[in-house]
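# A closer look at the structure
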Amino acid sequence: MGLFDGLMGNATQHSNEAIEKELQDVLISNERVDLAFKLVRDLIVFTDKRLILVDKQGVTGKKIDYKSIPYRSISRFSVETSGHFDLDAELKIWISSAELPAESLQFRKDKNIVAIQQALAAAVLQ
């Protein structure tokens, strides 16, 4: 069901060590991965310094777009947990004073969204 969940827009938690190895050219020295989620080929990575969104493009996935969002530029975020009929949890992130969210991410389980909300709150509210 993992592949089907990924195709339906749901992220699943992934190994921090594997992601650190995959992003070794993107991470700065002494930057560590706190949480990582995989969406088929794409990644949502929370480090101790920033949020990194990795979008692998094309059939082969060789073209990659890395979006880096420093926690200090996140002005607010919202978390929507799943319900009876809507099984997805959702995270929306606003950058600076933007009216619309810069990112809207889907998660399969409420436990993932709770961990993400705690990590974002700790990073943004420092």
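For the structure itself, look to the data block above.
Below is a summary of the structure that appears in this document. (Residues numbered from 1 in each chain as written. Predicted model: local features only at pLDDT ≥ 70, side-chain atom pairs only at ≥ 80, totals over all residues. Heavy atoms only, no water.)

## Describing the pairing of strand β4 (residues 50–57)
Every other side chain in a regular strand lies on the same face of the sheet, so the side chains alternate between the two faces. Taking burial as the measure, the eight residues of β4 include six buried ones, the bulk of the element. As paired elements, strand β3 (residues 42–47) and β4 share four bridges and run antiparallel to each other. Considered in β4, the bridge of Val45 is made with Ile52. In this structure, the hairpin formed by β3 and β4 is closed by a connection of two residues. Where β4 and strand β5 (residues 63–70) come together, eight bridges link them in antiparallel fashion. Bridging across to β5, Gln57 finds its partner in Lys63. As consecutive antiparallel partners, β4 and β5 are separated by five residues, and within that stretch Gly58 has a phi angle of approximately 80°, a positive value. (Buried < 20%, exposed > 50% of the residue type's maximum accessible area, 1.4 Å probe, protein only. Helix = DSSP H or I, 4+ residues; strand = E, 2+ residues; numbered from the N terminus. Pairing = 2+ DSSP bridges.)

## What about the side chain of Lys56?
Here Lys56 lies in strand β4. There is a polar contact of 2.8 Å between the side chain of Lys56 and the side chain of Glu22. In this structure Lys56 touches Glu22, Arg41, Asp42, Gly61, Lys63 and Ile64, once residues within four positions along its chain are discounted. (Polar contact = N/O pair within 3.5 Å; in protein donor to acceptor, adjacent residues only side chain to side chain. Contact = heavy atoms within 4.5 Å.)

## Considering the nonpolar core
Ranked by size, the top nonpolar core spans 18 residues in total, and within it Ile44, Phe46, Leu51, Leu91, Phe107, Ile116 and Leu120 carry the most contacts. Those elements that provide at least two residues to this core are β2 (33–39), β3, β4, β7 (89–95), β8 (103–107) and α3 (110–124). Among the elements that line this core, the one with the most residues is α3, at four residues. Those residues in contact with Phe46 that sit more than four places away from it in its chain are Arg32, Val33, Asp34, Leu35, Phe37, Leu51, Tyr71, Leu91, Ile116 and Leu120. The next biggest cluster of nonpolar side chains, apart from the first, holds nine residues, and it includes Leu23, Leu43, Val45 and Ile52. (Core = buried A, V, L, I, M, F, W, Y, C linked by side-chain atoms within 4.5 Å.)

## Observations regarding the sheet that holds β7
Pairing is antiparallel across the open sheet formed by three strands, whose spatial order is β6-β7-β8. Among the strands making up the open sheet, the edge pair consists of β6 (74–80) and β8. For this sheet, the mean angle separating the axes of adjacent strands, direction not counted, is 15°. Bridge count for β6 against β7 is six bridges, and the pairing is antiparallel. Within β7, the residue paired with Arg76 across the bridge is Trp94. (Axes fitted to C-alpha atoms, helices over the stretch in contact; angles between N-to-C directions.)

## What about the sheet that holds β3?
Judged by pairing direction, the sheet is antiparallel, and its five strands sit side by side in the order β1-β2-β3-β4-β5 without closing on themselves. This sheet does not close on itself; its edge strands, each paired only once, are β1 (12–13) and β5.

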